[in-house]
Amino acid sequence: MPERAPTARITRRSALALLLAPGLGLATASSAHADWWRFGQDMFRSLITRPPEFSGLSTAELIEAVHEALVIATHAASETLSRRNGYFGNPDVRIPLPEVLATTRRSLGRLGMAAPLDTLEERMNRAAEDAVWQAREPFIRAIFALDLDDARGILLGDEDAATRHLETHMRPRLTDAMRPEVEHSLDAVEAMTTYRELESRMRDIPFLANVRLDLTGHVLEHTMNGLFHAMAEEEARLRVDPVGRGTDVFQRVFSRL
């Protein structure tokens, strides 16, 4: 048998040569050449970017670190959002009026309903601020019930990969758990009272006479959106700077990212 030729090894130098080869430069107009340029860039980037090393760490330790990151993110997010103006003063998570009220706000304002609408919007956000602190317990239960067989993939994923994994797999369960808290908070801050007064006045307005809103569902959905948003931000911070946060296992794992 003829001797098999050795497999060509792509080095950083040969990858760079490929990128700079005639016909593959940035000035190339052809879409095919442009595709080759992007391919070459991706290949070269993969050669110069070393993946994180988890050697010496068990699967159990990786799972423990992901669990701990989510617990830390839950506590930090719920603490931030539960402060006064945690929702209402933050444009990224502020809960808007239900769409039908938001789109008719100007018309309703001319009918003397501007002040009640403003009050309703503020009270919806106050309800979220009141309820979100109670999210810690159901979230932590959900975190430890989460399937983390691919903990390594989560750790090597996007900066919010753990949070989004939790959201994808546990959001319906967490939403059900949070509904009573949101309902209680809407009553406590008198948001439901304000809405019922608005609803009564809306019955005399032809284009709103038959509108019935699920205010609890609206506030609940946006409360959850805001909580996952804040958790994702906290997870990103943990990945950048894990020093001084969490246990020894957490720091040993996240310091390698």
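In case you missed it, the structure is sitting above this.
Residues numbered from 1 in each chain as written. Predicted model: local features only at pLDDT ≥ 70, side-chain atom pairs only at ≥ 80, totals over all residues. Heavy atoms only, no water.

> Can you help me understand helix α9 (residues 161–188) in this one?
Over its 28 residues, α9 runs only 35 Å from end to end, short of the ideal 40 Å by more than 12%, given 1.5 Å per residue. Of all bends in α9, the biggest is about 75°, found at M170, and the proline P172 comes one to four residues later. Backbone geometry just after α9 places E190 at a positive phi near 65°. (Helix = DSSP H or I, 4+ residues; strand = E, 2+ residues; numbered from the N terminus. Expected span 1.5 Å × (residues − 1). Bend = angle between axes of the 7 residues up to and from the residue.)

> What exactly am I supposed to notice about the pattern of salt bridges here?
Once their charged atoms are close, side chains differing in charge can pair, the charge on each being opposite to the other. Using the criterion set out here, one finds 16 salt bridges in the structure. With its nearest N and O atoms 4.0 Å apart, the salt bridge here joins R83 to E79. E79 gets classed as partly exposed once you look at its relative accessible area, which sits at 41%. Note that R105 and E121 form a salt bridge whose closest N and O atoms lie 3.1 Å from each other. Here R105 is found in helix α5 (residues 105–110), whereas its partner E121 is found in helix α6 (residues 114–132), with 16 residues between them in sequence. (Salt bridge = Lys/Arg side-chain N within 4 Å of Asp/Glu carboxyl O. Buried < 20%, exposed > 50% of the residue type's maximum accessible area, 1.4 Å probe, protein only.)

> Please clarify how the packing of aromatic side chains should be interpreted in this entry.
Describing an aromatic ring pair means giving the distance of the ring centres and the angle of the ring planes. Considering all chains together, one arrives at two aromatic pairs under this definition. Each ring, one from F250 and one from F254, has its centre 4.5 Å from the other, and the planes form 25°; the classification is stacked. A residue pair is termed a helical-turn pair when its members lie 3 or 4 positions apart in one helix, as F250 and F254 do in helix α12 (residues 248–254) at four residues. The class for F254 is buried, based on a relative accessible area of 2%. Of note, R136 hangs over the ring of W133, and the distance from its end group to the ring centre comes to 3.6 Å. (Phe/Tyr/Trp six-rings, centres within 6.5 Å; stacked < 30°, edge-to-face > 60°. Lys NZ or Arg CZ within 6 Å of the ring centre and 35° of its normal.)

> Mind showing me how you'd approach the nonpolar core here?
Most often, soluble globular proteins have nonpolar side chains that are buried together. One finds F139, L166 and V253 to be the most contacted residues of the largest nonpolar core, which totals 64 residues. Among the elements of the structure, α3 (59–82), α6, α7 (136–144), α8 (151–155), α9, α10 (191–202), α11 (215–240) and α12 are those that each provide at least two residues to this core. Broken down by element, this core gets its largest block of residues, ten residues, from α3. Contact partners of L166, with chain neighbours within four places excluded, come to L70, F139, A142, I143, L146, R171, F228 and M231. (Core = buried A, V, L, I, M, F, W, Y, C linked by side-chain atoms within 4.5 Å. Contact = heavy atoms within 4.5 Å.)

> Just checking my understanding: could you explain the packing of α9 against α11 for this structure?
Each pair of packed helices can be described by the angle between their axes along with the distance between the axes. Where α9 meets α11, the closest approach of the two axes is 8 Å, and the angle between their N-to-C directions is 140°. Between α9 and α11, the interaxial angle falls into the category oblique. The handedness of the crossing between α9 and α11 comes out as right-handed. In the contact of α9 with α11, the residues fall into 14 nonpolar, seven polar and eight charged. (Axes fitted to C-alpha atoms, helices over the stretch in contact; angles between N-to-C directions. Parallel < 35°, antiparallel > 145°, perpendicular 65-115°, else oblique. Left-handed = near helix turned anticlockwise from the far one by under 90°. Nonpolar A, V, L, I, M, F, W, Y, C, P; charged D, E, K, R; others polar.)

> Even after reading the chapter, I still don't get the side chain of T216, so can you show me in this structure?
Within the secondary structure layout, T216 lies in helix α11. On the basis of relative accessibility, which here comes to 12%, the residue T216 falls in the buried class. Contact partners of T216, with chain neighbours within four places excluded, come to R179, V182, E183 and L186.

> Help me out: how do you make sense of the packing of α6 against α10 in this one?
Between α6 and α10, the least distance of the axes is 9 Å, while the angle of their chain directions is 150°. Taken together, α6 and α10 sit at an angle that is classed as roughly antiparallel. Once α6 is placed against α10, the crossing between them reads as left-handed. Between α6 and α10, the residues in contact are P116, L117, T119, L120, R123 and M124 and A191, T194, Y195, L198 and R201, respectively. Partitioned by chemical class, the residues of the contact of α6 with α10 number seven nonpolar, two polar and two charged.

> Help me understand the side chain of E68 in this model?
Its place among the elements puts E68 in helix α3. Within the buried set, E68 has no salt-bridge partner at all; the shortest N-O distance to an opposite charge, 8.7 Å, is to R245. Sequence-distant contacts of E68, defined by excluding residues within four places in its chain, comprise G246, T247 and F250. (Lys, Arg positive; Asp, Glu negative; His and termini not counted.)

> What is the right way to read the environment of E221 from this model?
Relative to the helices and strands, E221 resides in helix α11. Along the chain, E221 and M178 lie 43 residues apart, while their C-alpha atoms are 9.9 Å from each other.

> In this structure, what is going on with the environment of H75? I would like to understand it.
Considering the arrangement of structural elements, one finds H75 in helix α3. Given a relative accessible area of 32%, H75 falls into the partly exposed group. Sequence-distant contacts of H75, defined by excluding residues within four places in its chain, comprise W133, R136 and I140.

Read these as layout, nothing more, since geometry by itself doesn't imply function.
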